[in-house]
Amino acid sequence: MEPLATPPIDRRTSLGYLINHLARLMEHALRDRIAEYGVVSGQFAQLLALYEQDGVPQHELCEKVRIDQSTMAHTLKRMERDGLIQRTADPADGRRALIHLTERAQRLRAALVSVAHEVNDIAAAGFSGPREEDFLRMARQAIGNLEADRAHLNGKER
C-alpha cells in the first residue's frame, strides 16, 4: 500500500502560520519605532518585565519572558553595554546578581510603553471592545495550551 499523502496546510487558515506572521509584523512595527531610542526589539520584553518588577535575578527574568538562560545572558550583556541595565549582588545570595534598570532605561519607560500601546492599537484597529477581549482571551488560551503541552513533553522520558 502507498502511504496516504498529507494534505497541504493552507496558510490562510493555519493558526500557527497566521500567529507567526502577526508576531513578525508586530515585531517589525515595534522595531521601527523603538530604534530611535537605542533599543532593539530583542530587549523589549525584558524591559517591560523589569518595568513591572525591577531588581530580579536572571532566572526569574527568563521565566517572566519565556526565554532560555543562554539567550537571556546574551541579551542582558548587550543591554548592559547599551546602558539599559546594571547588575548588583543579591544581598540574600551573593552568588547571584539582580538585574536593575538604569536611569536611562527609566527615562525611556513612558516613550517605550507608549510605542507598545501604539503598535497594539494599530494591530487591533477595527476590533470592537468585546472582539478584542475575545481575541486576547483566545490567544492566552492557546499560549496556555502550548505551555502545558511543552511541560507534558518535557516531563516525559525520551
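Higher on the page you've got the structure.
Every value quoted in this text rests on a predicted model; they were computed, and no experiment measured them. (Residues numbered from 1 in each chain as written. Predicted model: local features only at pLDDT ≥ 70, side-chain atom pairs only at ≥ 80, totals over all residues. Heavy atoms only, no water.)

## Observations concerning unusual backbone geometry
The phi torsion at R66 lies on the positive side, around 60°, for a residue other than glycine. Following the sequence through the fold, R66 ends up in the loop between α3 (58-65) and α4 (69-81). Using a relative accessible area of 56% as the deciding quantity, one classes R66 as exposed. (Helix = DSSP H or I, 4+ residues; strand = E, 2+ residues; numbered from the N terminus. Buried < 20%, exposed > 50% of the residue type's maximum accessible area, 1.4 Å probe, protein only.)

## Considerations on the pairing of strand β2 (residues 85-90)
Note: β2 against strand β3 (residues 93-101), six bridges, orientation antiparallel. If you follow A89 over to β3, its bridge partner there is A97. Two successive antiparallel strands, β2 and β3, enclose a turn made up of two residues. (Pairing = 2+ DSSP bridges.)

## Some details on the layout of surface pockets
To locate leftover empty space, one rolls a probe as large as a water molecule over the atoms. Approximately 2000 Å³ is the volume found for the largest pocket. What lines the largest pocket is a set of 34 residues, among which A23, M26, N120, A139 and I143 lie closest to the centre. If you list the elements that add at least two residues to the lining of the largest pocket, you get α1 (15-34), α2 (41-52), α3, α5 (103-123) and α6 (129-155). Considering every element that reaches the lining of the largest pocket, the biggest residue donor is α6, with 10 residues. (1 Å grid on protein atoms, 1.4 Å probe; cavity = no way out; pocket = protein on both sides within 12 Å on 5 of 7 lines; lining within 4 Å. Points joined across faces, edges and corners; volume = space filled by probe spheres on them.)

## Examining the sheet that holds β2
Pairing is antiparallel across the open sheet formed by three strands, whose spatial order is β1-β3-β2. For this open sheet the edge positions go to β1 (56-57) and β2, each flanked by a neighbour on one side alone. One ladder, built from two bridges, connects β1 with β3; its direction is antiparallel. Its bridge partner being in β3, V56 is matched across the sheet by I99.

On their own, these measurements won't tell you what the molecule is for.
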